[in-house]
Amino acid sequence: MTEYGRGPGSEPWHPEDPLYGDQGWEGRQQHPQHPQYGEQDPYGQRQGGQGYHAPHPPQQPRQQSYEDAPSGEGRYEAGPYGDGGYDRSGYGDPAYGGQQQNAYGQQQPQQAQGQGYAASGYPEQQYDTGWDTGQAAMPYGGPPADVYGGRNPDLYGTPEAYPPPEPPGRRQDPPRRTAEPEPANDWQAETPEEEKHPFFTGEDDRDEPDDAYDDDPARSRTRAGGRERRGKGKKKSRNGCACLVVALVLAGGAGGVTYFGYQFWQGQFGAAPDYAGAGSGSVQVEIPTGAGGYEIGNILKRAGVVKSVDAFVSAQGRNAKGNTIQAGVYTLKKEMSAESAVSLMLNPASQANFVIPEGRRNVWVYEQIDKKLDLKAGTTEGVAKKQAGKLGLPDWATGHTKLKDPLEGFLFPASYPVAKGQKPEDVLRKMVSRANQEYAKFDLDAKAKELGVKGPWELVTIASLVQAEGTSHDDFRKMGEVVYNRMKPSNPQTYGKLEFDSTYNYVKGQSKIDLTLEELRKYDNPYNTYFYRGLPPGPIGNPGAEALQGVVNPTNDGWYYFISLDGKSSKFTKTNAEHQKLVKEFNATRGN
């Protein structure tokens, strides 16, 4: 037995016992409606409350067990129920005999014996052995006697009490609670519309042919209620359309993968796209300074010269002189093979560059630009004088007076792209910009202070003098020292006069060698260093980087004079006497 079950005495089953109820009858539940319990309650003679079982019945000391009790005391008598059995006539069943009787009679003292009570002191319960359930048969209907003497509450007479067990044949379904009506709402939740499109439901319109027109108005009614089928035109299978779209998407994706895969393979392993032949037409391209193979290839591709950058780079690598392509303007043809393009760019005939040699005066530069741009003579020189302040000169190169040309010394010797269609001011602006870049490399401000001259302007002017007179780097350094020594007013050789023939030739616009002292010393001009002490108003040409390097790093050997006997090298002396000996030697070689 469980802890809620019966002990040796006649205590009833506890309502909380897990085996309470249906377990005794092996799960056979029946719910017929029987009126048999409307009669006398065999427990009706108990005092107050229920005598079935309290939540915790008082423990009684065991006096006698069923086996130990004497005959007639605590035992069941002969017959189905003993002396206190049920009267079968009360149930209308032959098995019960007649009218139902109180199985226990009147209330008896708790310790009475021989009156159907168990040895434990509780009323002895009769069992209907005909049920064959192993659980006590307890008729209901009347108020049972209180076997606890009023000490315990009635467990069956309150609304919260557990219902008493009933035999299987008399059980009923528990009353169902009627659902309380929901409170009326002023609004009604919107029910989501069920998706009916065949694409989502997976169904197809099989009632009609897929490719037929519904021209009959009678057939355009639905079977449900004769409503017109809107939008009924050419009936097509929507699933078929969806499949077609998916197929097209997949085919497009496969095509894209194939295309990009082929491009990748071509880029990694295939030959680069290239034109065939020497091309046709004419086009000019400009290659900037420092451009490499890929940059040149991109320029040529954009101009329509080559078909691909990789083809040009590959052809340049195969040519032994491919890496010697210089910056400048080239006249090429359209749709050339990469190999032909490389070969033509290495040919000087294709180059449209304009190269300014070191020491050239601006007058010569202007004439060459006019020719390159196919302009009227003097056009570029006129632009230079009018727009000198707009071409990018540094601040220290402006504001000087008595200048023959404000741009002199700033058309830096280098190679420039000059071709038809360009404007002269644009070409000049590139040259001035290049001069600013090169001069900035020498930190002219600091060098001018170190050498005792008036700023970068005078250093550039000295460099132009050295460039005009010298022929080598060693000449430039020694000639730089000669200039600095002669500029000193107290020098015992020239007393502050430079006496350079190049300054006289510059102002005269010539380049003569055979000049007399009388001619040189009589010509009054700020640029004539035979007539005026110190430096000329400005540069007399465009010095290169090597001449400028010699000026900022001169020798310190005491040189005052120089002369070139062969036009290729110069000889330097420290005194006028030594210099006159070399002059005689020079005149002798020329037959003077």
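That block above? That's the structure.
These remarks concern the structure in this document.

## Quick notes on the overall build of the chain
Along its length, the chain carries 15 helices and six strands. The buried share of the chain, reckoned over its 592 residues, is 39%. A fraction of 65% describes how many contacts in the chain between residues 6 or more apart in sequence connect residues 24 or more apart.

## A look at the side chain of N528
Counting through the fold element by element, N528 comes out in the loop between α13 (517-522) and α14 (545-552). A relative accessible area of 0% means that N528 is categorised as buried. A distance of 3.1 Å separates a polar atom in the side chain of N528 from the backbone nitrogen of Y530. When neighbours within four sequence positions are excluded, N528 is seen to be in contact with T503, Y504, L520 and Y523.

## With respect to unusual backbone geometry
Of all residues except glycine, most have a negative phi; of all peptide bonds, most are trans. Positive phi, normally seen in glycine, also occurs at D374, with a value near 60°. The topology assignment puts D374 in the loop between α6 (362-372) and α7 (379-386). Phi at E499 is positive, roughly 55°, even though this residue is not glycine. Within the secondary structure layout, E499 lies in the loop between α11 (473-486) and α12 (501-508). Given a relative accessible area of 24%, E499 falls into the partly exposed group.

## Side note on the pattern of salt bridges
As enumerated under the stated definition, the model contains eight salt bridges in all. In this structure, E518 engages K522 in a salt bridge whose closest nitrogen and oxygen atoms are separated by 2.6 Å. Linking E518 with K522, this pair stays in helix α13, spanning four residues, or about one helical turn. Owing to a relative accessible area of 51%, E518 belongs among the exposed residues under this scheme. The exposed category is assigned to K522, whose relative accessible area is 57%. Linked through salt bridges whose partners overlap, the residues forming this network are R434, E438 and K441.

## Brief notes about the packing of helix α4 (residues 309-318) against helix α5 (residues 338-345)
In helix packing, the relevant descriptors are the interaxial angle and the interaxial distance, both defined with respect to the helix axes. Two numbers describe how α4 lies on α5: the axes approach to 8 Å, and their chain directions differ by 55°. In this view, α4 runs oblique relative to α5, as classed from their interaxial angle. For the pair α4 and α5, the crossing hand works out as right-handed. For the pair α4 and α5, contact is made by A311, F312, A315 and Q316 and by A338, E339, V342 and M345, respectively. Along the lines of polarity and charge, the residues of the contact of α4 with α5 split into six nonpolar, one polar and one charged.

## Considering helix α8 (residues 424-440)
For α8, with 17 residues, the first-to-last C-alpha span of 25 Å sits near the 24 Å given by 1.5 Å per residue. Buried within α8 we find P424, E425, V427, L428, M431, V432, A435, E438 and Y439. Angularly, the buried residues of α8 cover 160° about the axis, an arc narrow enough to put them on a single face.

Parameters at a glance
Residues numbered from 1 in each chain as written. Predicted model: local features only at pLDDT ≥ 70, side-chain atom pairs only at ≥ 80, totals over all residues. Heavy atoms only, no water. Helix = DSSP H or I, 4+ residues; strand = E, 2+ residues; numbered from the N terminus. Buried < 20%, exposed > 50% of the residue type's maximum accessible area, 1.4 Å probe, protein only. Contact = heavy atoms within 4.5 Å. Polar contact = N/O pair within 3.5 Å; in protein donor to acceptor, adjacent residues only side chain to side chain. Salt bridge = Lys/Arg side-chain N within 4 Å of Asp/Glu carboxyl O. Axes fitted to C-alpha atoms, helices over the stretch in contact; angles between N-to-C directions. Parallel < 35°, antiparallel > 145°, perpendicular 65-115°, else oblique. Left-handed = near helix turned anticlockwise from the far one by under 90°. Nonpolar A, V, L, I, M, F, W, Y, C, P; charged D, E, K, R; others polar. Expected span 1.5 Å × (residues − 1). Arc of directions from axis to C-beta.

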